[in-house]
Amino acid sequence: MPPSVLFVCLGNICRSPLAEAAFREEARRLKLNVVADSAGTGDWHVGSPPDPRAQAVARKNGVDISALRGRQVKPADFRRFTHIVALDEDNLAHLRRLAPPDATADLSLLLDHVEGREGQPVADPYFGDDDGFDVTWADVFVGARGLAQKLRRGD
Ligand code: 4NP
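Residues numbered from 1 in each chain as written. Predicted model: local features only at pLDDT ≥ 70, side-chain atom pairs only at ≥ 80, totals over all residues. Heavy atoms only, no water.

1. Considerations on helix α5 (residues 131-153)
Each α-helix winds once per 3.6 residues, and so residues spaced three or four apart point in a common direction. Compared with the 33 Å implied by 1.5 Å per residue over 23 residues, the 34 Å span of α5 between its first and last C-alpha is a close match. For α5, the set of buried residues is F133, T136, W137, D139, V140, G143, A144, G146, L147, A148 and L151. Buried residues belonging to α5 abut β1 (4-9), α1 (15-29), α2 (52-60) and β3 (83-86). Looking at the residues trailing α5, positive phi occurs at G154, about 85 degrees. (Helix = DSSP H or I, 4+ residues; strand = E, 2+ residues; numbered from the N terminus. Expected span 1.5 Å × (residues − 1). Buried < 20%, exposed > 50% of the residue type's maximum accessible area, 1.4 Å probe, protein only. Contact = heavy atoms within 4.5 Å.)

2. Quick notes on the pairing of β3
Here β3 shows two buried faces, one formed by H83 and V85 and the other by I84 and A86. As judged from the four bridges shared by β1 and β3, these two strands associate in the parallel manner. By the bridge assignment, V5 is partnered in β3 with H83. As paired strands, β3 and strand β4 (residues 106-109) are joined by four bridges and run parallel to one another. Bridging across to β4, V85 finds its partner in S108. On the question of chirality, the crossover connecting β3 to the parallel β4 by way of helix α4 (residues 89-98) is right-handed. (Pairing = 2+ DSSP bridges. Right-handed = clockwise from strand over helix to strand, strands pointing away.)

3. A look at the pattern of salt bridges
Enumeration according to the criterion identifies 12 salt bridges in this entry. Across the salt bridge formed by D51 and R53, the nearest N and O atoms sit 2.9 Å from each other. By relative accessible area, R53 is classed as partly exposed at 21%. Each member of the salt-bridge network shares a partner with another, and the members are D37, R71, D77 and R80. (Salt bridge = Lys/Arg side-chain N within 4 Å of Asp/Glu carboxyl O.)

Below, the structure written as structure tokens:
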């Protein structure tokens, strides 16, 4: 079974769709067979496309995320995915509370996969300006690359 990774933020319209897209791109570059998805801990944006600012920064970096739709994380995800990767500590704490007793997924923070940035959050850009989305892209890109490299090594 290939590794399967679920990226989780609050709304599933800014950070986690970008992380999903960056990870899929990096896996393709490394010729790594993976499954990628994303979800939110909140339910406000279920069924919605990514925030237009997230779509714009993805497009600027060569990726189209317009077809993605928001969904909420659910207990079955903890058995379906080999890895669940939170974008910040609040979302990681939420995931720990939601995890069923028979959860098998490995839980981590995205930036735990980047040397020297362990424990750091990917800041929520939703209430900020457009420049914040460039920072988000830079963060999810290094995180996705670090995770893909670890999976390639079999860590
Ligand atoms: P995300 O950003 O968690 O990166 O998708 C947010 C999107 C929406 C909200 C908060 C954060 N909201 O409060 O609706």
